[in-house]
Amino acid sequence: MLNIALPKGRLGEKVYTMFEASGFGCPEVLGDSRKLVFENQATGVRFFWVKPSDVAVYVERGAADIGVAGKDIIDEYMPDIYEVLDLKTGKCRMCVAAKKDFRDNADVTLRVATKFSNIARRYYASLGREIDIIHLNGSIELAPVLGMSDVIVDIVETGTTLKENGLEVKETIMPISARLIANKASYEFKRKDVLKVIEGLRRQVEADK
Amino acid sequence: MAEKYNLKGEEKVLFKLRSLYSSFGYKTYKMSRFEEYDLYARNKDFLVSSNIITFTDTDGKLMALKPDVTLSIVRSVRDQNNSVSRICYGENVYRVSSSSGTFREIMQAGLECIGDVGLLELCEVASLAQMSLTSISKNSILTISHIGIVESLLNQIPDILAPIVAKALSARNVSALGALADNNPYYSEPLSKIAKLAMISGSTDEVLSQLSDMYVDEKSLSELRTIAKTLDPKRMRIDFSILDGMKYYNGIVFRGYVQGVPSAVISGGQYDKLMRRMKKRSRAIGFAVYLDSLERLLEDVPDYDVDTVLKYSDGDDINVVLNKAQEIRNSGKSVVTLKEPDMNLRYRELVDMGGKDNA
């Protein structure tokens with residue numbers, strides 16, 4: 001049985017249809033039930049829905065053999081896993097954004113509000129810039145509006161939220177998309193099944209091109 | 001024999017490993033728990049984590065609680081020609097746990113083979129790693145790579161790309177490697193070879209023949225081939241994603257997995273580069289077994305806490321109670337004397353000094 005952790009929400013549902021199209025479906029996964037675990041004996045898969053930022057934890061600790069996580073989560077938590085396939089869906093960008101009239105004064109410590117402390121720290125370290133990280137768990141856009149931070153480091157999909165709050169993208173740190181990740185031990189012990197899923201999804205990704 | 005002493009799972013494994021290693025002539029090496037901090041400060045990249053517990057010794061020297069055993073062994077072994085030191089250990093090391101962020105005491109076993117190390121010693125240590133895994137679990141896999149093969153390809157691409165490529169290879173990130181090859185047409189040959197290394201799979205023979213067709217570093221490939229042939233093919237795989245510690249490892253590197261543990265339980269390889277850094281001429285190979293990660297796997301919860309509860313009351317003659325307990329003990333059972341058994345205590349039988357025996 002192959003255990004698969006999917007991120008709750010729109011992305012997870014979209015990715016699930018890719019699993020289904022590659023022959024690893026499981027009835028009622030997309031239903032309205034409150035169940036957390038769905039099993040299909042015939043295809044040998046067991047799906048479960050978890051909080052998107054937790055997928056990497058389930059996979060790293062082997063509770064899930066494979067899972068789907070955004071590149072943002074992988075780079076933020078740096079789990080010890082294999083990142084076996086770019087699913088080319090859930091695309092967005094990790095960006096530095098600030099108020100439209102913001103002018104960077106390199107003479108003072110830059111105050112950065114973000115949910116992605118490690119990504120922000122690494123990015124500014126690569127530029128040799130001293131920063132003050134303000135870790136927030138949501139509504140990041142509020143920080144520069146209230147003057148608590150100079151910039152934010154956050155995921156930008158369409159930019160609508162930024163625009164509505166008078167912010168704009170100043171820098172793109174990296175592109176983001178959903179990735180298929182695999183536990184290192186499962187990759188060895190369930191290799192046949194894992195490779196079958198990777199191959200099936202790879203065909204889906206190519207077909208969507 | 002280990003069962004008789006009521007040992008914990010990790011202790012049983014340690015016991016088995018010790019006798020395995022000593023059957024190959026490895027001598028146990030008992031070390032002090034402390035080491036001068038300087039040793040680790042100079043070789044920080046070799047350590048899993050750079051956080052170290054330090055304290056000041058009576059003479060003002062900065063000391064550290066050992067985060068690693070290999071460095072101490074390497075330092076203490078003298079260079080020698082035509083001879084090999086075979087050393088094994090079972091020690092506690094002190095490291096920061098990546099999940100909790102606090103220090104933990106971790107039981108580690110392992111061995112080091114240092115000196116005039118040739119192909120035979122490399123084969124021997126690799127198969128000892130495989131045997132160590134087998135002694136832990138019936139279902140195990142040793143994954144093995146050769147740094148020489150990967151490095152010869154990484155040397156063909158610019159320094160600025162190398163770390164990105166290495167990171168992608170270690171994550172088996174074929175998509176990223178493909179994109180790198182597309183975006184750097186000038187280096188597409190080494191980059192597409194590296195992408196192939198990330199995807200390579202199949203039986204050892206298949207992988208080795210695929211590698212021959214790829215024209216990778218010939219000397220390293222022939223070494224890998226010889227070593228791979230001495231291992232049990234059913235319990236091994238060639239895997240080029242093993243890349244951490246490239247500054248220290250130069251030849252074969254390996255990781256060991258057992259079913260039921262989500263991360264590698266064995267890690268090791270040939271580390272001549274570390275020897276040079278520590279101003280030693282010898283060659284060396286070794287590995288560590290992370291016994292702490294086996295805690296859950298080997299956990300066998302006994303059905304009973306104790307065989308017999310001997311129930312007594314204040315009025316009973318102490319000598320009679322003690323003698324009765326010893327009598328039961330002599331018959332090979334464990335006994336605890338209690339006035340009233342604890343509700344959570346699981347026992348096979350209750351013997352009441354009042355004379356009534358209850359099952």
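Computed from a predicted structure; not experimentally measured.

Analysis parameters
Residues numbered from 1 in each chain as written. Chains lettered and ligands numbered in written order. Predicted model: local features only at pLDDT ≥ 70, side-chain atom pairs only at ≥ 80, totals over all residues. Heavy atoms only, no water. Helix = DSSP H or I, 4+ residues; strand = E, 2+ residues; numbered from the N terminus. Rg over C-alpha atoms; globule rule 2.2 N^0.38 Å. Contact = heavy atoms within 4.5 Å. Areas by Shrake-Rupley, 256 points an atom, 1.4 Å probe, with all protein chains shown as cover. Lys, Arg positive; Asp, Glu negative; His and termini not counted. Charge placed at Lys NZ, Arg CZ, Asp CG, Glu CD. Patch = residues over 30% accessible without salt bridge, like charges linked within 9 Å, V, L, I, M, F, W, Y side chains within 5 Å. Salt bridge = Lys/Arg side-chain N within 4 Å of Asp/Glu carboxyl O. Buried < 20%, exposed > 50% of the residue type's maximum accessible area, 1.4 Å probe, protein only. Pairing = 2+ DSSP bridges. Axes fitted to C-alpha atoms, helices over the stretch in contact; angles between N-to-C directions. Buried area = accessible area lost by both parts, 1.4 Å probe. Phe/Tyr/Trp six-rings, centres within 6.5 Å; stacked < 30°, edge-to-face > 60°. Lys NZ or Arg CZ within 6 Å of the ring centre and 35° of its normal. Expected span 1.5 Å × (residues − 1). Core = buried A, V, L, I, M, F, W, Y, C linked by side-chain atoms within 4.5 Å.

(A) Spotlight on the overall build of chain B. The helix and strand tally for chain B stands at twelve helices and 15 strands. For chain B, the C-alpha radius of gyration of 26 Å lies well beyond 21 Å, the compact-globule estimate for 359 residues. Each principal axis of the C-alpha distribution contributes one length, and for chain B these read about 95 × 55 × 40 Å. Nonlocal contacts in chain B, meaning residues at least 24 apart in sequence, comprise 69% of its contacts between residues at least 6 apart. For chain B, the computed accessible surface area is about 18,100 Å², with 49% contributed by carbon and sulfur atoms. Here chain B contributes 46 positive and 47 negative side-chain charges, whose respective centroids are spaced 3 Å apart.

(B) Layout of a nonpolar patch on the surface. All names here are of chain A. Taken together, the side chains of Leu142, Val145 and Leu146 make up a nonpolar region of the molecular surface, amounting to roughly 290 Å² of accessible area. Mapped onto the fold, Leu146 is located in the loop between α5 (142–145) and β9 (151–156). Look at Leu146 and you get exposed, because its relative accessible area is 65%.

(C) Layout of the sheet that holds strand β4 (residues 62–65) of chain B. All names here are of chain B. One open sheet holds the three strands; their spatial order is β2-β4-β3, and the pairing between them is antiparallel. One side of each edge strand has no neighbouring strand; the edge strands of this open sheet are β2 (34–36) and β3 (54–56). Along the sheet, successive strands turn relative to each other by an average axial angle of 40 degrees, direction set aside. Pairing between β2 and β4: three bridges, direction antiparallel. Residue pairing in the sheet places Phe34 in a bridge with Leu65 of β4.

(D) The arrangement of the interface of chain B and chain A in detail. Listed per partner, the contact involves 21 residues of chain B and 20 residues of chain A. Between chain B and chain A, the buried area comes to about 1,700 Å², and carbon and sulfur atoms account for 48% of it. The three residues of chain B that bury the most area against chain A are Arg172(B), Tyr257(B) and Pro262(B), which together make up 32% of that side's buried surface. At the junction of chain B with chain A, the criterion picks out one salt bridge. A salt bridge links Arg237(B) to Glu188(A), with the shortest nitrogen-to-oxygen separation between them at 2.8 Å.

(E) Expanded view of the packing of aromatic side chains. Following the criterion strictly, the structure yields nine aromatic pairs over all chains and no others. Aromatic side chains Phe254(B) and Phe287(B) sit 6.0 Å apart centroid to centroid with 65 degrees between the ring planes, which places their arrangement in the edge-to-face category. One end of the pair, Phe254(B), is in strand β9 (residues 252–258); the other, Phe287(B), is in strand β11 (residues 283–290), and 33 residues separate them in sequence. The rings of Tyr16(A), Phe19(A) and Phe47(A) are connected pair by pair, giving a single aromatic cluster. The lysine or arginine in question, Arg172(B), covers the ring of Tyr82(A), its NZ or CZ lying 4.5 Å from the ring centre.

(F) Molecular detail of unusual backbone geometry. Located in the positive-phi region is Met78(A), a residue other than glycine, with phi close to 45 degrees. Mapping Met78(A) onto the fold places it in the loop between α3 (71–77) and β5 (82–86).

(G) Representation of the sheet that holds β11(B) in the model. Residue and element names in this part refer to chain B. The strand order across the open sheet built from eight strands is β1-β5-β6-β11-β10-β9-β7-β8, with neighbouring strands paired in mixed fashion. The open sheet has two free edges, formed respectively by β1 (27–28) and β8 (236–238), since each of these has just one partner strand. Direction of pairing for β1 relative to strand β5 (residues 84–96): parallel, over a ladder of two bridges. In the sheet register, Thr28 faces β5, and the bridge partner there is Cys88. Sheet strands in contact with helix α5 (residues 147–154) are β7 (140–146) and β9, and its direction is about 40 degrees off that of β7.

(H) View of helix α1 (residues 9–23) of chain B. Residues and elements named next belong to chain B. Compared with the 21 Å implied by 1.5 Å per residue over 15 residues, the 21 Å span of α1 between its first and last C-alpha is a close match. Tucked inside the fold, the buried residues of α1 contact β5, β6 (103–115), α4 (119–136) and β11. Where α1 terminates, the next one or two residues include Gly25, which has phi positive at roughly 80 degrees.

(I) View of the nonpolar core. Tyr21(B), Leu211(B), Phe254(B) and Phe287(B) are the most contacted members of the largest nonpolar core, which totals 99 residues. Among the elements that make up this core, the one with the highest residue count is α4(B) (eight residues). Counting 34 residues, the second-largest nonpolar core is a separate cluster that includes Val68(A), Leu85(A), Ala182(A) and Val197(A).

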